[in-house]
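Single-letter residue listing:
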Amino acid sequence: LGRLEKSKGVDTLLDAVAGLKDRVLIAGKGSELESLRARATANVEFLGAVEEDQLRALYRGASMAVFPSHFEGFGLVALEALSSGTPVAVTNGFGFRLIPPASHWVEWFAPGDVAGCAAAIEKLRGRKTAAWSQAAHEMVARHHNQRDRVLGLVILYESPVAGRGVPPSPPH
């Protein structure tokens, strides 16, 4: 989902799903699209850029969302998926720290770790149920509302200027 660039780690995802029969949808465009298409297996479909309403439908219809990025600014894509009731597998790289680390809604793996990505995907299999989806949506609404995101961004931008060092976690 998003830019198909090296930093997004899509190659890790492709290697992790190469032996699976599951249908894998990849949304986005970018400089790596053709090289990723060349290494993708038959179960992988590249959708190109998607509109906001398509994105929400993709999240709702997916059994899981995988974000193998080496780096994310704030990891809002994972929160969007969770808010749609879809479990996520994400890297433990900077940016996904807005998600509670001990959350049963998320499986974590290291950036570039194909085996870890595959294991996270396997752990998420069958996890999405109507009750689970509702609970994930409520967790995001409770802990990651728009007000808290804005306050977190203000803290992030003000703290280096104010000389406070590393910015604290966003308020919950």
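Residues numbered from 1 in each chain as written. Predicted model: local features only at pLDDT ≥ 70, side-chain atom pairs only at ≥ 80, totals over all residues. Heavy atoms only, no water.

Student: Help me get a handle on the environment of Glu34, residues and values and all.
Tutor: In this fold, Glu34 is placed in helix α2 (residues 33-39). The sequence separation of Glu34 and Leu4 amounts to 30 residues, and the corresponding C-alpha distance is 9.6 Å. (Helix = DSSP H or I, 4+ residues; strand = E, 2+ residues; numbered from the N terminus.)

Student: Help me get a handle on the side chain of Asn43, residues and values and all.
Tutor: With respect to the helices and strands, the residue Asn43 is situated in the loop between α2 and β2 (44-48). Polar side-chain contacts of Asn43 include one of 3.2 Å to the backbone oxygen of Leu20. A polar side-chain atom of Asn43 sits 2.3 Å from a polar atom in the side chain of Thr41. Filtering out sequence-adjacent residues up to four positions away, Asn43 remains in contact with Val17, Leu20, Lys21, Asp22, Arg23 and Val24. (Polar contact = N/O pair within 3.5 Å; in protein donor to acceptor, adjacent residues only side chain to side chain. Contact = heavy atoms within 4.5 Å.)

Student: Any chance you could break down the nonpolar core for me, citing the residues and the numbers?
Tutor: Counting 20 residues, the largest nonpolar core has Ile26, Val66 and Ile121 as the members making the most contacts within it. At the level of secondary structure, the elements contributing two or more residues to this core comprise α1 (10-17), β1 (24-27), α2, β2 and α5 (114-124). Here this core takes five residues from α1, the largest share from any one element. Once residues lying within four places of it in the same chain are set aside, the contact partners of Ile26 are Leu4, Val10, Leu13, Leu14, Val44, Glu45, Phe46, Leu47 and Gly48. Core analysis: the next-biggest nonpolar cluster, separate from the first, contains 17 residues, Ala78, Val90, Ala136 and Val140 among them. (Core = buried A, V, L, I, M, F, W, Y, C linked by side-chain atoms within 4.5 Å. Buried < 20%, exposed > 50% of the residue type's maximum accessible area, 1.4 Å probe, protein only.)

Student: Describe α5, listing the residues and the values that go with them.
Tutor: Along α5, the residues that are buried comprise Gly116, Cys117, Ala120, Ile121 and Leu124. On an axial view of α5, the arc spanned by its buried residues comes to 140 degrees, and they lie on one face. Looking at α5, the residues exposed on the side facing more than 90 degrees away from the buried face are Ala115 and Lys123. In the core, the buried residues of α5 are packed alongside α1, β3 (65-67), β4 (88-91) and β5 (106-109). If you check the start of α5, you find a side-chain oxygen 3.3 Å away from the backbone N of Ala115, and it comes from Asp113. Positive backbone phi, approximately 75 degrees, marks Gly126, located one or two places after α5. (Arc of directions from axis to C-beta.)

Student: Got a sec to walk through the confidence of the model for the protein chain? Specific residues and values, please.
Tutor: Taken residue by residue, the protein chain gives an average pLDDT of 82. The fraction at 70 or more is 76%. Here residues 161-172 is a poorly scored stretch, pLDDT under 50, and it has 19 contacts once near neighbours within four places are set aside; other chains count. (pLDDT = per-residue confidence, 0-100.)

Student: Residue-level account of the sheet that holds β4, with values.
Tutor: Strand order in the open sheet formed by three strands is β3-β4-β5, with parallel pairing between adjacent strands. With partners counted over all chains shown, the strands left at the sheet margins are β3 and β5, one partner each. Recorded for the sheet is a direction-independent mean angle of 15 degrees between the axes of neighbouring strands. For β4 and β5, the ladder comprises four bridges, and the chain directions are parallel. Bridge pairing in β5 places Thr91 opposite Phe109. (Pairing = 2+ DSSP bridges. Axes fitted to C-alpha atoms, helices over the stretch in contact; angles between N-to-C directions.)

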